[in-house]
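Descriptive structure summary
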Amino acid sequence: MPHQPPFAGWRVLELSNGIAAAYAGKMFADAGADVVKIEGEQGDSLRAWSAGGGPPGALFEYLAAGKKSVLGDDRTALLAAADVVITDLTDGWTLDDLAAQTVSSSVLVTVTPFGTTGPYVDDQVLANEFILQALSGSIASRGWPGDEPVQAGGRLGEWLAGTFAAAVAAATARHAARTGLGEIIDVSTYEAMAIAMGGLPAMSASVMGTDSQMTSRSLELPSIVPTADGLVGFCTITAQQFQDFLVLIERADLLDDADLASIEGRIARRDEFLSMVTQWTESRTTQEIVDLAVGFRIPVAPIGTPAALADVDHFVQRGVFVESELGVLQPRVPYRGDAITTTAPGRAPELGEHSGGIDWPPRPANGEFRADPQALPLSDIRIADFTAFWAGPVATQFLGALGADVVKVEGVRRPDGMRFSAGRPPTWDQWWEWGPVFLCSNNNKRGVSIELGTEAGRGVALKLIAASDLVIENFSPRVMENFDLQWDAVSAANPRAVMVRMPAFGLDGPWRDRVGFAQTMEQATGMAWITGHAEGPPVIPRGVCDPIAGLHAAFAAVAALVVRDRDRTGVQVESTMVEAALNVAAEMLVEHSRNGIELRRQGNRGPGAVPQGVYRCQGEDDWVALAAIGGAAREALAALIDRPELGPDETSWRERADEIDKLINDWAARRSVSEAVHALRSAGVAAAPVRAPAGLLTDPHLLARGFWERVDHPVAGSFLCTGMPFTFVGKPRRWIRRGAPLYGRHTVEVLSELGYSAADLAELNASKTTAARPAGL
């Protein structure tokens with residue numbers, strides 16, 4: 001007998017005109033919640049949206065499938081009855097108005113560009129995804145120095161913010177159902193993008209200062225290159241992967257070339273390097289190259305395109321794509337498990353189709369408190385964290401920020417690889433404690449060292465699992481099998497455990513055992529296909545897939561905990577990185593399936609604003625980003641560049657786009673960035689400096705909102721770190737309660753809690769089952 005969906009019976013109200021809140025609502029609908037959209041007379045603006053210039057509605061149908069639609073007249077009764085309210089505060093909604101109409105036991109989530117407080121709040125109407133990318137450091141990081149930097153395609157920041165909103169809403173709603181105490185949650189899209197789209201270089205600048213290795217604009221080498229019949233993407237994160245890559249392209253003679261071994265050296269010799277790579281790849285088919293690279297365990301993927309995605313063998317064999325009721329192909333829900341039932345994609349509602357027909361009984365203002373009302377939502381949960389690199393640690397850091405007791409397990413021989421990435425050289429004392437990404441994605445965790453490849457280590461792991469609510473891992477499937485710590489063993493040790501597995505490509509299928517990082521996901525899912533200059537090759541958005549995968553896994557973990565508590569059963573969930581990425585890149589697929597339109601990269605242009613682009617100002621590498629959102633903004637821009645005859649008509653601006661770009665370039669070149677931004681904003685044109693990521697550390701809005709949190713680390717010292725991109729309104733904002741753990745810092749503490757005596761601990765240390773420092777260093 002199938003289980004009920006995780007959120008069956010949950011009542012979710014959505015008031016939105018964009019991607020972020022709508023995607024959060026979709027995630028709840030996928031998990032079985034009853035989701036109702038309140039729309040104005042004109043309906044959600046996505047009803048009239050088409051990124052490809054074809055018939056509108058493809059994206060709306062994907063996001064609104066299975067939801068209900070009512071007009072605004074129904075809002076009072078529904079607000080008083082909803083468990084969760086998700087809104088982007090468009091259509092005249094205000095936080096105060098909504099808060100006054102919801103009961104204190106419900107969860108109210110706002111998702112806005114800058115949040116509801118702070119210096120930039122008045123600029124909300126002058127900010128779209130493109131402007132936020134410029135502010136967050138995303139655009140400035142992408143491209144070669146001297147060339148025009150380029151945006152990430154696909155409005156990924158909005159999808160990211162929606163995923164954050166859904167995950168925090170789910171965790172908080174679970175808590176509210178147990179305690180009767182809701183929250184008002186203020187989610188900032190800009191802050192989400194500051195974490196995931198500009199965050200890596202900013203984290204490095206914060207931890208490493210002038211020694212940061214992530215300061216200049218660049219592209220990956222190797223990355224996406226032409227083949228005899230298309231394009232292929234590589235990813236060489238580790239030194240071993242790059243050495244194997246040189247052998248792959250039959251250039252083993254360069255294995256001792258110290259310049260090429262470094263990213264900086266490859267960039268300095270990029271023409272030479274790309275020439276040797278393409279000479280090899282262009283003489284072979286994509287499939288031949290993929291097969292060879294897989295043999296070397298080099299992360300590799302064919303470049304996903306709207307037309308080709310549905311035919312990829314791995315996606316076909318795993319049934320990754322499903323048809324909606326209208327016959328449109330779309331990604332399925334990106335997590336699954338035997339005890340997890342999700343809803344099939346239904347039909348999107350007609351405008352106001354369900355007005356007067358929603359019968360939700362009012363919620364009580366408060367329930368009976370059975371826990372500390374000041375407790376964080378997940379303070380009742382312990383997590384055995386077997387994750388590494390970035391995607392898995394993002395998931396567990398998010399859950400830990402919300403109160404979970406996270407115990408991070410690292411091997412003695414193989415600690416988390418991010419300890420060694422972009423930090424200090426091996427000549428430094430405790431150099432493995434300096435990895436900036438490790439330090440900024442493992443906060444609020446206790447760290448233990450356990451060599452899982454030994455029988456004694458496996459025994460310790462099973463004791464930890466037996467004492468935990470949630471087990472999370474993001475290895476390739478064979479790793480946990482080699483440790484004999486797959487679901488059967490976990491369930492035997494703890495029949496009430498929830499296990500979330502985060503393989504790159506899944507627990508089955510042709511790509512099951514392939515190595516995959518964020519870059520590989522971006523190459524395989526089409527994200528890279530729509531990023532880059534129109535006349536150039538695809539470019540990876542860089543990094544966003546890790547947080548997106550982590551947040552989907554965190555949402556799936558909360559859903560599984562709800563099922564466990566309701567059905568009194570252990571739950572295994574598979575939450576794959578590639579399917580999370582496919583869900584947020586879905587617009588390409590649904591536009592192609594429904595309308596036959598193949599979206600492509602457009603440089604810095606986009607359908608939501610005309611013109612839109614970056615323009616060089618006075619200074620060495622200073623650029624201004626602008627987006628004319630609507631006719632009034634175009635008229636104002638026309639006056640600024642002394643071409644009033646251009647008028648407000650979008651069609652004429654599109655037809656003369658190249659000519660107008662030259663006019664704007666001439667105008668910007670005579671001004672500093674600050675002068676250009678001021679003039680544009682004063683005229684009502686959305687604008688921002690194309691900011692280097694390190695500039696986020698001194699951004700007045702982020703500082704005023706308390707986004708950056710100071711961490712005092714015993715080795716790396718004091719630095720600013722990203723917290724969470726949301727606040728609980730009316731409560732102090734402090735998500736980091738302890739910094740990332742030193743290697744093995746809490747081994748004795750945690751194992752003592754599990755019942756190990758001092759003699760036991762000494763024996764484990766003597767046998768190198770545990771250790772105070774990684775082996776071999």
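Computed from a predicted structure; not experimentally measured.

To continue, consider helix H9 (residues 239–248). Every α-helix winds through 3.6 residues per turn, so residues three or four apart in the chain are directed the same way. Buried within H9 we find Gln241, Phe242, Asp244, Phe245, Leu246 and Leu248. Where H9 is buried, its residues meet strand E8 (231–234), helix H10 (258–261), helix H11 (263–268), helix H12 (270–281) and helix H13 (286–295). Looking one or two residues past H9, glutamate 250 carries a phi angle of roughly 65°, positive in sign.

Right, let's get into the packing of aromatic side chains. Applying the stated rule across the entire model yields 28 aromatic pairs. Ring geometry for phenylalanine 242 versus phenylalanine 245: centroids 6.4 Å apart, planes at 25°, classification stacked. Linking phenylalanine 242 with phenylalanine 245, this pair stays in helix H9, spanning three residues, or about one helical turn. Like phenylalanine 242, the residue phenylalanine 245 is buried in the burial classification. Taking 5.1 Å as the distance between ring centres and 70° as the angle between the ring planes, the aromatic pair formed by phenylalanine 726 and tryptophan 735 counts as edge-to-face.

At a minimum axis separation of 5 Å, helix H7 (residues 189–196) and helix H8 (residues 199–208) run at an interaxial angle of 70°. One element, H7, and the other, H8, form an angle in the roughly perpendicular class. Between H7, through Ala194, Ile195 and Ala196, and H8, the contact on the second element is made entirely by Gly199, Leu200 and Met203.

Bringing empty space enclosed by the protein into the picture now. In the structure shown here, the tally under the stated rule is five cavities of 30 Å³ or more. Empty space within the largest cavity amounts to approximately 120 Å³. The set of elements that each furnish at least two residues to the lining of the largest cavity consists of helix H15 (391–401) and helix H16 (436–441). A per-element tally of the lining of the largest cavity places H15 first, with three residues. In this structure, the second largest cavity spans a volume of roughly 60 Å³.

About the cut-offs
- Residues numbered from 1 in each chain as written.
- Predicted model: local features only at pLDDT ≥ 70, side-chain atom pairs only at ≥ 80, totals over all residues.
- Heavy atoms only, no water.
- Buried < 20%, exposed > 50% of the residue type's maximum accessible area, 1.4 Å probe, protein only.
- Helix = DSSP H or I, 4+ residues; strand = E, 2+ residues; numbered from the N terminus.
- Contact = heavy atoms within 4.5 Å.
- Phe/Tyr/Trp six-rings, centres within 6.5 Å; stacked < 30°, edge-to-face > 60°.
- Axes fitted to C-alpha atoms, helices over the stretch in contact; angles between N-to-C directions.
- Parallel < 35°, antiparallel > 145°, perpendicular 65-115°, else oblique.
- 1 Å grid on protein atoms, 1.4 Å probe; cavity = no way out; pocket = protein on both sides within 12 Å on 5 of 7 lines; lining within 4 Å.
- Points joined across faces, edges and corners; volume = space filled by probe spheres on them.

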